[in-house]
Amino acid sequence: IFLQQSIYTAIRAVLIVVYRLCLNDYEPIIKIGQKMLSISNIAFMQYGHISKMKQNSFNIECFDLKYDSPITFAAFESHLDSIYLWLNLGIGGGCLKTIKLNPTNGNNRPRIQYINFNNNPHLMNALGLPGVGVDQFVKKIKDSKLNQYHCPIGISVGGDSLNEYKLVIESL
């Protein structure tokens, strides 16, 4: 497991250097990382953590919603394998990315940039809410395993008008 984590970390570091020197666009690194998580079935990242988190259930209740952990994810891209990883690790629930009525491309690339703030490396994003639109999003979620986790999962709703917000909510 340590070897797999080391390989993943090394590949990620090499990709960051290559993209920083050549392309200045970090979005492909994120996509490659997501594919690596999917291909590896994310088992190596879960090893030894699931049982610890699951046995330390906090049973938090907020607005009639029950969370096994106070740790949640917010506005996470709808890459289901990554969401399953967090849920398997014991995260209490979360909120999926903003979904709009129609498919949107978001901002032009590059839209993820490497910055140095207080001598610490960070990635800053200005994605601009890219997404598949509510109809495709609903199909993807219905076909997923999210309902097997029995924890609160919210959806961020977006629109360009009050009517679009209403139509998205009605479609959910």
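The rules behind these values
Residues numbered from 1 in each chain as written. Predicted model: local features only at pLDDT ≥ 70, side-chain atom pairs only at ≥ 80, totals over all residues. Heavy atoms only, no water. Helix = DSSP H or I, 4+ residues; strand = E, 2+ residues; numbered from the N terminus. Buried < 20%, exposed > 50% of the residue type's maximum accessible area, 1.4 Å probe, protein only. Contact = heavy atoms within 4.5 Å. Areas by Shrake-Rupley, 256 points an atom, 1.4 Å probe, with all protein chains shown as cover. Arc of directions from axis to C-beta. Salt bridge = Lys/Arg side-chain N within 4 Å of Asp/Glu carboxyl O.

(A) Quick look at the overall build of the protein. Helix and strand content of the protein: seven helices and seven strands. For the protein, the N- to C-terminal ordering of α and β elements is α-α-α-α-β-β-β-α-β-β-β-α-β-α. When each of the 172 residues of the protein is scored for burial, the buried share is 29%. The contacts in the protein between residues at least 6 apart in sequence include a share of 60% that link residues at least 24 apart. With an accessible surface of roughly 11,400 Å², the protein has 58% of that area assigned to carbon and sulfur atoms.

(B) A look at helix α6 (residues 134-142). Residues Val134, Phe137 and Val138 constitute the buried set of α6. The buried residues of α6 occupy an angular sector of 100 degrees when projected down its axis, which confines them to one face.

(C) Summary view of the pattern of salt bridges. Inspection of every chain in the model, using the stated rule, returns six salt bridges. Residues Arg111 and Glu27 are paired through a salt bridge, measuring 2.8 Å at the closest nitrogen-oxygen approach. With Arg111 in the loop between β4 (93-99) and β5 (112-117) and Glu27 in helix α2 (residues 27-39), the pair connects residues that are 84 residues apart, well separated along the chain. The two residues Arg111 and Glu27 agree in class, both being buried. A salt bridge links Glu170 to Lys166; the nearest nitrogen and oxygen atoms lie 3.9 Å apart. Of this pair, Glu170 and Lys166 both sit in helix α7 (residues 162-171), four residues apart, which is roughly one turn of that helix. Glu170 gets classed as exposed once you look at its relative accessible area, which sits at 55%. Several salt bridges converge on common partners, so that one network encompasses Glu27, Arg109 and Arg111.

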